[in-house]
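# Examining the three-dimensional arrangement
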Amino acid sequence: MSVTTNITPPKDEFIQRTRSTATADSGKNLLTVQALKMHFPLTQGIIFQRQVGAVRAVDGIDFYVERGETLGLVGESGCGKSTTGRAILQLYKPTSGSVKFDGTELTTLPGEKMRRMRRRMQMIFQDPYASLNPRMTVGNIIGEPLEVHNLAKGRAKTERVQELLKIVGLNPYFTNRYPHEFSGGQRQRIGVARALAVEPDFIVADEPISALDVSIQAQVINLLEELQDRFKLTYLFIAHDLSVVRHISDRVAVMYLGKIVELADRIDLYEHPLHPYSQALLSAVPIPDPQVEQKRKRIILTGDVPSPVNPPSGCRFHTRCWKAQAICSEVDPEFIEHAPRHWAACHFPGA
Amino acid sequence: MATSTATIRVPTAAEQAAILLRPPRSLWSNAWYKLRHDRLTMLAFGVLILFALLSAGADLFSQNIFHYTFEKQDLLNTYQKPTLDPPAFLLGSDEIGRSQVVRLLYGGRVSLMVGFVAALVNLTVGVAVGVTAGYMRGRVDDLFTWFVTTLNSIPTIFLLLIFAAIWEPGPGQLTVVIGLLFWTGISLFCRGQTFALREREFVIAAKTIGARDARIMFRHILPNILPLIFVLAAIDIGAIILTESALSYLGLGILPPTPSWGNLLTNATTYFVRAWWLVVSPGVMIFLTVLCLYLIGDGLRDALDPRLKAES
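Reference entry: report on the structure contained in this document.

Reading the values: rules and limits
- Residues numbered from 1 in each chain as written.
- Chains lettered and ligands numbered in written order.
- Predicted model: local features only at pLDDT ≥ 70, side-chain atom pairs only at ≥ 80, totals over all residues.
- Heavy atoms only, no water.
- Helix = DSSP H or I, 4+ residues; strand = E, 2+ residues; numbered from the N terminus.
- Buried < 20%, exposed > 50% of the residue type's maximum accessible area, 1.4 Å probe, protein only.
- Contact = heavy atoms within 4.5 Å.
- Areas by Shrake-Rupley, 256 points an atom, 1.4 Å probe, with all protein chains shown as cover.
- Lys, Arg positive; Asp, Glu negative; His and termini not counted.
- Charge placed at Lys NZ, Arg CZ, Asp CG, Glu CD.
- 1 Å grid on protein atoms, 1.4 Å probe; cavity = no way out; pocket = protein on both sides within 12 Å on 5 of 7 lines; lining within 4 Å.
- Points joined across faces, edges and corners; volume = space filled by probe spheres on them.
- Nonpolar A, V, L, I, M, F, W, Y, C, P; charged D, E, K, R; others polar.
- Phe/Tyr/Trp six-rings, centres within 6.5 Å; stacked < 30°, edge-to-face > 60°.
- Lys NZ or Arg CZ within 6 Å of the ring centre and 35° of its normal.
- Pairing = 2+ DSSP bridges.
- Axes fitted to C-alpha atoms, helices over the stretch in contact; angles between N-to-C directions.
- Core = buried A, V, L, I, M, F, W, Y, C linked by side-chain atoms within 4.5 Å.

## Considering the overall build of chain B
Broken down by element type, chain B carries 13 helices and zero strands. Helices (α) and strands (β) of chain B occur, in sequence order from the N terminus, as α-α-α-α-α-α-α-α-α-α-α-α-α. Principal-axis analysis of the C-alpha atoms gives chain B an extent of 80 × 55 × 30 Å. Looking at chain B as a whole, 45% of its 312 residues are labelled buried. Considering only intrachain contacts with a sequence separation of at least 6, the fraction spanning at least 24 residues in chain B is 70%. Summing over all exposed atoms, chain B offers an accessible surface of approximately 15900 Å²; the carbon and sulfur share of this is 68%. The centroid of the 24 positive side-chain charges in chain B is displaced by 9 Å from the centroid of its 20 negative side-chain charges.

Here it is, written out as structure tokens:
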């Protein structure tokens, strides 16, 4: 992943030189991701296809998710957040790296075993209009996972579907209706009910509220929190709305161009961001206090996000970083624990 | 859709209790309900069934009503205009005094049988192969593309001549040949649709749930391309009925004196100036059959679209 060198990064009393600490298994971890890479090959030619490059959507990330917590994953559009979520659930075959779920390595799990494992990990999708089959009734959509995993049949299935509808706050008499008859928020609830049907431990919520009206967003967020308490769920919450992430997450990971640049407990990250990218990102969040808001200093980044096909050398952020020095374009900074439970990949972390 | 934000009236508690006891509905039961209330589609169904019954009962009608066989000639009564006396000349007689109406009944047998069976073969092969190739992609799709392109690059006429040379021509052989040759268009269409559908979020959602490939193909992809397949089928059957007549020229397919709507029509064009009614009757039959198929295709498409409500 990172280039090993002799150049010593700035000293910090908390620095631990082992990268693996970000994925250290304390026994509480439900999910451990190590050096995960997801490259999409770019090919040329019709019959003899040769690879001319790759979109490095996810390029070596390490993190863990503790049982029962919510890990927020934030970053700009196209930084690889959603790809990370899908690669974890093996919807894409990761290029390399390891994804361990409750002690089981998923990347090498054979098809049928993986299929059964899916009962324990589910996903809530971004677009509630696209993620429900328009030709299936709500009852069939929510009942499908029950059928697939042989959990309930006939009358029991119908009852379970009605129960699930109640759980997500929908009227159970909606079973025979079609998705197009519902509003965006209601559809997202149907998507949540489908994910809950198999009683999973882990849910990847892939921007579950981005497509919803602001007035509906809070409802869905509250529902997700309520369900987490009730069913002891663990969430990987992917979003780009920083205030929402701050509200729902226990810990937050910040992604930039296929890499996690910072990972810390929520308050720690929002109060003391170490990575310049996190600092810039957080400086853009408006503060709901006019006096403080006036004093808020925004860090405006110049330029655009570089292409993931040909990412910058060294630290990927150096092309837009105001702190960048010569070393930044040469050496990829390691992902180091700068403070307890606070990891960052930067040569010059801190204020 | 504009209806997406429509608010739903919440029924009273008593109504809800009744609704909860209803059996779960599916796309198919809803479609059937809507079809039954679609008069035009049911009429088209009725007409097709009538045609099928008339053709199936050709022996009965020709013996008891028209007292004429399809190959019986009457050289004294050629080019008779349609008349009720004798009933055999209800639709006139042809250049060697054969009964047009009897030949039309028998012709329906061949044309409808060849059309429907061959289209069924086309659709089964085309949809199965196209959806599989589109869903599996990779090697399977490469093989499929190679095969279809190769097949399409050989002029059909030569392929048919080869078949004609190997096999004895007849309706059965014709059906098989058409069925096995004309599926490529349908399969390419299905492949393209599947390509697009497999990347849709609801298909990815099905994968996340843990659905097997077969289930995803049958439950998620197929129902979403089915409406288009029905329209294709209607076009396909019409095209096959006409192809059959063209093939008769090559000595493959229906050989005279066995009639089919196709060869009745092509024969009659020679005598169009002397006996226009010989052209009209098979033409009308083909036209009505294809029209009914289009109407049914259209009706099925609407019935299978949950966004369109049945008119009550």
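The discussion continues.
## Brief notes about the layout of surface pockets
For the second largest pocket, the calculated volume is near 500 Å³. Every residue lining the second largest pocket is counted, 19 residues in all, and those nearest its centre are Gln90, Leu91, Met114 and Arg118 of chain A together with Lys207 of chain B. Put simply, the parts of the chain that give the lining of the second largest pocket at least two residues each are α2 (111–117) of chain A together with α5 (100–136) of chain B. The leading source of residues in the lining of the second largest pocket is α2 of chain A, at three residues. Partitioned by chemical class, the residues of the lining of the second largest pocket number nine nonpolar, three polar and seven charged.

## Focus: the packing of aromatic side chains
All names here are of chain A. Counted under the stated rule, the structure contains 12 aromatic pairs over all chains. Ring centres 5.1 Å apart and planes at 75° place the aromatic pair phenylalanine 174 and phenylalanine 182 in the edge-to-face group. Judged on exposure class, the residue phenylalanine 174 and its partner phenylalanine 182 are both buried. Ring-pair connections join several aromatic residues into one group, and the members of that group are Tyr173, Phe174 and Phe182. Here the basic side chain of arginine 251 rests over the ring of tyrosine 64, its NZ or CZ set 4.2 Å away from the ring centre.

## Some points on the side chain of threonine 83 of chain A
Residues and elements named next belong to chain A. Assignment of secondary structure puts threonine 83 in helix α1 (residues 81–88). For threonine 83, a relative accessible area of 14% translates into the label buried. Excluding its chain neighbours within four sequence positions, the residues that come into contact with threonine 83 are Met38, Phe40, Ala57, Val58 and Tyr92.

## Details of the sheet that holds strand β11 (residues 336–339) of chain A
Adjacent strands of a sheet pair through backbone hydrogen bonds, lying either parallel or antiparallel. Residues and elements named next belong to chain A. The mixed open sheet is built from eight strands, whose spatial order is β6-β7-β8-β3-β9-β10-β12-β11. Each edge of the open sheet is held by one strand with a lone partner, namely β6 (121–124) and β11. Shown here is a sheet whose adjacent strand axes are inclined to one another by a mean of 20°, direction ignored. Direction of pairing for strand β10 (residues 259–265) relative to strand β12 (residues 342–344): antiparallel, over a ladder of two bridges. Directly across from leucine 263, in β12, lies its bridge partner tryptophan 343. Packing against the sheet, α1 makes contact with β3 (70–74), β6, β7 (202–206), β8 (234–239) and β9 (251–256), and its axis sits at approximately 150° to β8. Running at roughly 175° to β6, helix α5 (residues 184–196) makes contact with β6 and β7 of the sheet.

## Concerning the nonpolar core
Counting 62 residues, the largest nonpolar core has Val131, Ile229 and Trp261 of chain B as the members making the most contacts within it. The element contributing the most residues to this core is helix α11 (residues 213–249) of chain B, with 13 residues. If we ignore the near neighbours within four places in the chain, the residues touching valine 131 of chain B are Cys190, Thr194, Met217, Ile221, Leu222 and Ile225 of chain B. Membership of the second largest hydrophobic core comes to 58 residues, among which are Ile124, Val244, Leu269 and Ile327 of chain A.

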